[in-house]
Amino acid sequence: MSYNNAVTSSQELNPPALTALWDQHYPECPPFAHWLRTQYPDRWVRFHSLPESKRHPDDESEYAITLDRHYTVLWELDPGAVLLVVTSEWTEGSTTTPQRWPRRSEIAPSAWHWRTLLEHPEEEPEYRSYTQLYAETIPWRPRAIDVLLKTVADDELANVILAPTDLRWLYHPYDGGADVILPTREQRDTLKAQHQEWLSRLPSGL
C-alpha cells in the first residue's frame, strides 16, 4: 500500500501536505467541486445517475440505479485500498462554527478540518459565506459510501469530492449525477465511451 505525505500510514490527514498535493495537480482550481468542469473541460465528463436524466430518485429501485452507476464508475477508476472523501460546510465567518449545514457532521463525523475557502471575496463582509472543507480516508470496499451517496442524491450534502490519496482523478457526485476529472483527455474519452447511455443529450454535456 502506498501513501503520500498528505495521508499517513495510519490514514491520518496532513492538511498542509494535502493542500500542496492539490495545488500540484490542480493549480488552476481550488477545491470548489462545481468549478472543476469549467477549469478542466478537456478532462471532464458528466454522468447522469438516472435514466432520461431524471434528477432525484423517488423510490428504492431508483436509489439502487443511482448507487450502481456511482459505484460502477468508481470501481473502474480504482481508488486503491482507501478512498479520500472531502465534504463541505458553510459558515458566516472564517471560523468553523456556527455551521449552516449540520448534516455534514452527521455523515462524516470523523473527518478532519482541511482548509477554509472564500469563494466570493469581492462580496461585502456581511454577505460572505466561507466554505469549510473536511477530509478523511475510508477503506474502499463494496457499499462503503452508500449513506454519503444517498445524502448527496437527496440534495442534503454538496461540494463532495472523492479521490484516491494521490489525487490523480477526482469524482464529484451531485444530486443528479457526477462530474469526473481524469488525468488526461484520452482517459476521459475512454471512460466516456464506456457509459454513453449515461451522458447528457445536451451539447454542453450538462
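Scroll up a little and you will see the structure.
For every chain, the first residue of the written sequence is number 1, and numbering continues from 1 onward in sequence order. Confidence filtering applies because this is a predicted model: local features only for residues at pLDDT of at least 70, side-chain atom pairs given and counted only at 80 or more, and all residues used for totals across whole chains, interfaces and linings. Heavy atoms from the whole structure form the basis of all side-chain values; hydrogens and water molecules are not counted.

Our next topic: the nonpolar core. One finds L77, I145, L162, Y171 and V180 to be the most contacted residues of the largest nonpolar core, which totals 26 residues. By definition, any uninterrupted DSSP run of H or I lasting at least four residues is a helix, any uninterrupted run of E lasting at least two residues is a strand, and each is numbered from the N terminus. Looking at which element gives the most residues to this core, the answer is helix α3 (residues 60-77), with five residues. Among the buried residues, those of types Ala, Val, Leu, Ile, Met, Phe, Trp, Tyr and Cys that are joined through side-chain atoms within 4.5 Å form a nonpolar core. Each residue is assigned to one of three classes by its accessible area relative to the maximum for its type, calculated with a 1.4 Å probe on protein chains only: buried under 20%, partly exposed between the two thresholds, exposed over 50%. Ranked by size, the runner-up nonpolar core spans 25 residues in total, among them L18, Y26, Y40 and A135.

What follows covers the environment of W90. One can find W90 in strand β2 (residues 82-91). Residues W90 and T131, 41 residues apart in the sequence, show an inter-C-alpha distance of 4.7 Å. Not counting residues within four places of it along the chain, the set of residues in contact with W90 comprises P98, Q99, R100, W101, S129, Y130, T131, A158 and N159. Distance and chemistry together define a polar contact, namely a pair of N or O atoms within 3.5 Å, with one atom able to donate a hydrogen and the other to accept it when in protein, and with adjacent residues in sequence counting only for side-chain atoms on both sides. One polar contact links W90 to T131, side chain to side chain, over a distance of 3.1 Å. Residue contacts are counted whenever heavy atoms from the two residues lie within 4.5 Å of one another.

Okay, the packing of aromatic side chains next. Whether two aromatic rings pair depends on their centres lying within 6.5 Å, for rings of Phe, Tyr and Trp, where Trp uses its six-membered ring; planes under 30 degrees apart make the pair stacked, over 60 edge-to-face, and the rest tilted. The full count for this structure, using the stated rule, is seven aromatic pairs. Aromatic pair W22 and W114: ring centres 6.2 Å apart, planes at 65°, arrangement edge-to-face. Residue W22 is located in helix α1 (residues 15-25), and its partner W114 is located in strand β3 (residues 112-118); the two are separated by 92 residues in the primary sequence. Overall, W22 belongs to the buried group, its relative accessible area being 1%.

Quick look at helix α5 (residues 146-153) now. Counted residue by residue, α5 has six buried out of eight residues, so it is predominantly covered. D146, L148, L149, T151, V152 and A153 are the residues of α5 that are buried. Against α3, β2, α4 (103-107), β5 (161-163) and β6 (170-174) lie the buried residues of α5. Once α5 finishes, D155 follows within two positions and takes phi at roughly 60°, a positive value.

In terms of burial, strand β7 (residues 177-181) is a largely internal element, five of the five residues being buried. A two-sided burial pattern is seen for β7, the buried positions comprising G177, D179 and I181 on one face and A178 and V180 on the other. For strand β1 (residues 44-48) and β7, the ladder comprises five bridges, and the chain directions are antiparallel. When the bridges of β7 are listed, R46 appears paired with D179. A pair of strands is labelled paired if DSSP reports no fewer than 2 bridges between them. Strand direction decides the pairing type here: β6 and β7, joined by five bridges, are antiparallel. Each bridged residue has a counterpart across the sheet, and for L170 the counterpart in β7 is I181.

On to the side chain of E62. The residue E62 is located in helix α3 in this model. Those residues in contact with E62 that lie beyond four places of it in its chain are L50, K54, H56 and P57.

In this section: unusual backbone geometry. Non-glycine residue D155 carries a positive phi angle of around 60°. Tracing the chain through its elements places D155 in the loop between α5 and β5.

This part takes up the pattern of salt bridges. Salt bridge, as applied in this entry: a Lys or Arg side-chain nitrogen positioned within 4 Å of an Asp or Glu carboxyl oxygen. Scanning the model with the defined rule gives eleven salt bridges in all. E52 is paired through a salt bridge with R201; the nearest N and O atoms lie 3.4 Å apart. Here the residue E52 occupies a position in the loop between β1 and α3, and R201 occupies one in the segment after α6 (185-194), the gap between them amounting to 149 residues. On the accessibility criterion, E52 (65% relative accessible area) is exposed.

On to the packing of α3 against α5. Note on geometry: axes are C-alpha line fits, over the in-contact stretch for helices, and angles between N-to-C directions span 0 to 180 degrees. Running from N to C, α3 and α5 point in directions that differ by 115°, and their axes come no closer than 10 Å. Put simply, α3 runs roughly perpendicular to α5. Seen from above, α3 lies across α5 with right-handed handedness. Contact residues: E60, Y63, T66, L67, H70 and Y71 in α3; D146, L149, K150 and A153 in α5. Side-chain classes follow a simple rule in which Ala, Val, Leu, Ile, Met, Phe, Trp, Tyr, Cys and Pro form the nonpolar group, Asp, Glu, Lys and Arg form the charged group, and the remainder, Gly included, forms the polar group. Among the residues forming the contact of α3 with α5, the class breakdown is five nonpolar, two polar and three charged. If an angle is under 35 degrees, it is roughly parallel; if it is over 145, roughly antiparallel; if it lies from 65 to 115, roughly perpendicular; otherwise it is oblique. Handedness of a crossing follows from how the near helix is turned relative to the far one, being left-handed for an anticlockwise turn of less than a right angle and right-handed for a clockwise one.

Fair warning: the whole summary comes from geometry, so function is off the table for now.
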